[in-house]
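This is what each chain is made of:
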Amino acid sequence: MKCVIAGGNVKVLGRAVHSLSRIGDELYLEPTEKGLSLRAVNSSRSAFASFLFAPLFFQLYEPGGPAPDTEHFRCKVHMKSFLGVFRSLPSLEKSVGKCLILLKHRASRLVLQLHCKYGVTKTHNLAFQECERLQAVFDTQSCSSRLCAPARVLADAVVHFPPTLAEVTLGTGPGGKISLRNYVEDEAELSKTMVTELWLAEDEFQSVTVSPGSRITFCLKEFRGLLTFAEASNLLLTIHFDEPGRPVVFTLDDTVLEVHLVLATLSDLESSSLPPPTNGVSHLPTPADDFADDLESYMVALESSACEGASGGPPSPTFPLRTPRTAQSDPEEQEEEEDEDGAVPGTPPHKKFRSLFFGSVLTPGGPGLAPTQEVLAEDSDGEC
Amino acid sequence: MRFRAKIVDLACLNNFSRVINTISKLTKTCTLRLTVCKLYFILSDKVANGGASMWCELCQGNFFDEFQMEGVAAEHNEIYLELVPENLSRALKTAHSAKAVKIKLTNKHCPCLRVAVELPSLSSSSRIVTHDIPVGVIPRRIWNDFREPTMPDFDVSIYLPVLKIMKSVVERMKNLSNFIVIEANLSGEMNLKIETDLVSVTTHFKDLGNPPWASEEGCQSSAQGRNLESMAEACIDIKKLQQLLAGQQVNPTKALCNIMQRVKRRLKERQWSGDLTLLYLLSLLPSD
């Protein structure tokens, strides 16, 4: 494979790598006729992102097509190494004129060469590992709800949440309003944690197609990475979602670039028609001014007894880990698989999110499943 | 028990945010006392040695356009709440361009201060962001714990040097020692001293000026007749002092330090700016 990126697109590539670095530790590259695909997945398999750069994005693009009937070459590299080449975006913009990416099979090296001002050339030789295809199973067409807005609107909304916040709940309310609220896990935490909620009006979105009362909870950290990219590139962001538990898909579309971010969502034990008990607040809509704020009875209780009023909400839902179905299931459906490594540390969201399906692979643009394709779950040796 | 307040003016909002930021840097939790005209942020730390307590008083009229409060009972028209100032600081952080900020005490599933920030947005209606900050209601029987600290008899009262300078001096000293000795006299001289086995460092400040205290009952008794040159000294935890100086976002018009060198040994820094008074007491560490 050989490709050359020139001018302003080098920075776009750099930003894409930054965005992917918020997801996982390894960057997967797959050059195809449709373009160069960069992908990442997080260790708990609950977040997947892919950036597909069309051939037009490049000054020169030679995927190094395989012989017919063989699969495309695929490899993965350490995210840190790849990111290191594009670490400083301002200096990329200022001094890099061209970027060359070259795959040297025999030397087992991926070469990244930056041609900078004043005749300076920086060459990075990265070790790569061949790998299987990384593809999450999702279908934006089957999602019942869809929101489309300029990325800036969502970026402005997300800024009100603290940078360390793990999960956020996106919901739909009456009057077409969309709410964002930080997610608090336990009832016990609720009396100690600040809860932030904001509402976005329907006219801030370019299009809104939602089923009322729907609500999903997903991890903010990975979403923020995509938002930064989208805002900088001034693109429209589309959010496809469905019931809680099914993944939410964020897409950005451009003439030369196609971006997907798939995040797992928390599922409810109860059906979505019931008001969600998790946050203990009945989801009354718009922030009305005159809700009950009478604390008299509370004070009486406080002064007569030592204990404070306990909140009597229903218990928060737990997330069942269902046993995996057989591999022969319909590829169109989203299968579920236990997270093999329940003890994966650190990466939000934690194991309560179901893993995405890296099950039967859907060939892009092609319906149906080639029966000979294996069920691929990306668990090569040495991965945690 | 009700409380509702509203800030509409951006300058007032920024000032209020700065006060909250200062408080949040000084302590993790504190008590908010609401009366009809004033707000108080109180930290009463009962630790005997090296502990700190704080009393910050604001006139509500300087910040709020609307301020309605109904206390626990008619004779006790006050509200005492325990809260984490950092939450309030975070809620106000993204409110720079707000049209209005409303604060209200509510009790949905637990007592909360609901901060509703109304922001301009591109759509026809403004964007409203609400932050529910959990608070603890402090029952009347322990209100006595939060009384205003009485000004103890002090030996020396002196104006502090420019806080920025003092802060950079103390920051460097912090790397060398855990304790710092502040000594001052009635001639406007103040020294900051640290001493370790290897080194001792003293920074001298001159011509600081001593505030005149109206002769109140018992207030100046120990200072009267005192030798102008003789230094009163206080040994305190340097980290607490550094925390106080580093957290300052409000530029005080007057900052002064009272040293009481007695058995109880309390040092007090009292700062004023037009709108608020911040009183910070550091109790002294016993010297060897």
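Because the structure is a prediction, the values reported are computed rather than measured.

1. Structural notes on the domain arrangement of chain A
Residue and element names in this part refer to chain A.
Consideration 1: Domain boundaries in chain A define domain 1 (2-130) and domain 2 (145-266).
Consideration 2: The distance between the C-alpha centroids of domain 1 and domain 2 comes to 28 Å.
Consideration 3: Taken residue by residue, the interface counts 18 residues in domain 1 and 18 residues in domain 2.
Consideration 4: Here domain 1 and domain 2 share an interface that buries about 1500 Å² over both sides, 59% of which is from carbon and sulfur atoms.
Consideration 5: In terms of surface lost to domain 2, no three residues of domain 1 exceed Arg 15, Arg 22 and Leu 52, which account for 35% of the buried area on that side.
Consideration 6: On the surface where domain 1 and domain 2 come into contact, there are 8 residue pairs in polar contact (both at pLDDT 80 or more).

2. Side note on the packing of aromatic side chains
Residue and element names in this part refer to chain A.
Consideration 1: The final tally for this structure, using the stated rule, is 18 aromatic pairs over all chains.
Consideration 2: On the basis of an interplanar angle of 40 degrees and a centroid distance of 4.5 Å, the ring pair of Phe 53 and Phe 57 is categorised as tilted. For the residue pair Phe 53 and Phe 57, the accessibility class agrees, reading buried in each case.
Consideration 3: Seen in terms of ring centroids, Phe 218 and Phe 223 are 5.6 Å apart; in terms of plane orientation they differ by 85 degrees. Their pairing is edge-to-face. The same class applies to Phe 218 and to Phe 223, which are both buried.
Consideration 4: An aromatic cluster of three or more residues is present, and its members are Phe 51, Phe 53, Phe 57, Phe 58, Tyr 61 and Phe 229.

3. Notes on unusual backbone geometry
Consideration 1: Here the phi dihedral of Arg45(A) falls at roughly 60 degrees; this positive angle occurs in a residue that is not glycine.
Consideration 2: Among the structural elements, Arg45(A) can be located in the loop between strand S3 (35-41) and strand S4 (47-53).

4. Considering the pattern of salt bridges
Consideration 1: Enumeration over the complete set of coordinates arrives at 13 salt bridges over all chains.
Consideration 2: Where Glu26(A) meets Lys76(A), a salt bridge forms, and the shortest distance between an N and an O atom there is 3.5 Å. Of this pair, Glu26(A) sits in strand S2 (residues 26-32) while Lys76(A) sits in strand S6 (residues 75-78); the two residues are 50 residues apart in sequence, bridging distant segments of the chain.
Consideration 3: Lys38(B) is the salt-bridge partner of Glu57(B), the closest N and O atoms lying 2.7 Å from each other. With Glu57(B) in strand S4 (residues 52-59) and Lys38(B) in strand S3 (residues 38-43), this residue pair connects regions lying 19 residues apart in the sequence.

5. Details of the sheet that holds strand S14 (residues 195-200) of chain A
Consideration 1: In spatial order, the strands read S16(A)-S12(A)-S13(A)-S14(A)-S9(B)-S8(B)-S7(B)-S1(B)-S5(B); together these 9 strands make up an open sheet with antiparallel pairing. One side of each edge strand has no neighbouring strand; the edge strands of this open sheet are strand S16 (215-219) of chain A together with strand S5 (66-70) of chain B. For this sheet, the mean angle separating the axes of adjacent strands, direction not counted, is 15 degrees.
Consideration 2: Two strands pair when backbone bridges link them, and strand S8 (residues 111-119) of chain B and strand S9 (residues 127-134) of chain B are joined in this way by 8 bridges, in the antiparallel orientation. Residue pairing across strands places Leu113(B) opposite Ile133(B), the latter belonging to S9(B).

Each value, and the rule that gives it
Residues numbered from 1 in each chain as written. Chains lettered and ligands numbered in written order. Predicted model: local features only at pLDDT ≥ 70, side-chain atom pairs only at ≥ 80, totals over all residues. Heavy atoms only, no water. Domains from an automatic or database assignment. Contact = heavy atoms within 4.5 Å. Buried area = accessible area lost by both parts, 1.4 Å probe. Polar contact = N/O pair within 3.5 Å; in protein donor to acceptor, adjacent residues only side chain to side chain. Phe/Tyr/Trp six-rings, centres within 6.5 Å; stacked < 30°, edge-to-face > 60°. Buried < 20%, exposed > 50% of the residue type's maximum accessible area, 1.4 Å probe, protein only. Helix = DSSP H or I, 4+ residues; strand = E, 2+ residues; numbered from the N terminus. Salt bridge = Lys/Arg side-chain N within 4 Å of Asp/Glu carboxyl O. Pairing = 2+ DSSP bridges. Axes fitted to C-alpha atoms, helices over the stretch in contact; angles between N-to-C directions.

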